[in-house]
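Observations on the three-dimensional arrangement
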Amino acid sequence: MYDLTGFQRDLLYVIAGEEEPHGLAIKEELEQYYEKEIHHGRLYPNLDTLVDKGLVEKGTRDRRTNFYTLTRRGRRELEARREWEAQYVDL
């Protein structure tokens, strides 16, 4: 996780929180959080990076729609990150 950008980590959180979200659903969630438009040129290359790193799997729902899920490694990395954060933030 140390080599991911904040945006890529946010992508992991959104993917983990939804059941097989498609790109547009991920985009909409992040736009609500960031309160600004997320361009396709930012979203999809970062999703592809997470796939290339083995943290996310990309599946096909139909000819036009892909969906994303965390891999086991992605889930472990996210859990490790949350444990690391918990050392420093006690809410």
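Residues numbered from 1 in each chain as written. Predicted model: local features only at pLDDT ≥ 70, side-chain atom pairs only at ≥ 80, totals over all residues. Heavy atoms only, no water.

An unreviewed UniProt entry annotates the protein chain as PadR family transcriptional regulator originating from Natrarchaeobius halalkaliphilus.

Some words on the nonpolar core
Soluble globular proteins tend to pack their nonpolar side chains together in the buried interior. Rule in force here: The nonpolar core is taken to be a set of buried Ala, Val, Leu, Ile, Met, Phe, Trp, Tyr and Cys residues, with the residues joined through side-chain atoms within 4.5 Å. A 1.4 Å probe rolled over the protein chains alone gives each residue an accessible area, and that area as a share of the maximum for its type sets the label: buried under 20%, exposed over 50%, partly exposed in between. Only DSSP runs of H or I reaching four residues or more are called helices, and only runs of E reaching two or more are called strands; each is numbered from the N terminus. Should any heavy atoms of two residues lie within 4.5 Å, those residues are considered in contact.
Leu11, Leu12, Ile26 and Val56 are the most contacted members of the largest nonpolar core, which has 18 residues in total. Mapped by element, the contributors of at least two residues to this core are α1 (6-17), α2 (23-34), α3 (40-52) and β2 (66-70). Here this core takes five residues from α1, the largest share from any one element. Aside from chain neighbours lying at most four places away, what touches Val56 is Leu12, Ile15, Leu50, Val51, Tyr68, Thr69, Leu70 and Thr71.

Notes on a nonpolar patch on the surface
Condition: Like-charged residues within 9 Å of one another, or nonpolar side chains (Val, Leu, Ile, Met, Phe, Trp, Tyr) within 5 Å, are grouped into patches, provided each residue has over 30% relative accessible area and no salt bridge. The accessible surface values rely on the Shrake-Rupley method and a 1.4 Å probe; as for residues, cover is taken only from the protein chains in view. Just to be clear on terms, a salt bridge is a Lys or Arg side-chain nitrogen sitting within 4 Å of an Asp or Glu carboxyl oxygen.
A surface patch of nonpolar side chains, about 550 Å² in accessible area, is lined by Trp84, Tyr88, Val89 and Leu91. Within the secondary structure layout, Val89 lies in the segment after α4 (72-88). Here Val89 falls in the partly exposed class, since its relative accessible area comes to 46%.

Concerning the pattern of salt bridges
Oppositely charged side chains are able to pair whenever their charged atoms sit close together. For the coordinates displayed, the defined rule picks out six salt bridges. Linking Glu20 and Arg61 is a salt bridge whose minimum nitrogen-to-oxygen distance equals 3.9 Å. Here Arg61 lies in the loop between β1 (56-60) and β2 and Glu20 lies in the loop between α1 and α2, a separation of 41 residues in the sequence. You can call Glu20 partly exposed: its relative accessible area is 35%. By relative accessible area, Arg61 is classed as partly exposed at 41%. A salt bridge links Arg81 to Glu85; the nearest nitrogen and oxygen atoms lie 3.0 Å apart. Taken together, the residues Arg81 and Glu85, both in helix α4 and four residues apart, mark about one turn of the helix. Look at Arg81 and you get buried, because its relative accessible area is 19%. Residue Glu85 is classed as partly exposed on the basis of its relative accessible area, which comes to 30%.

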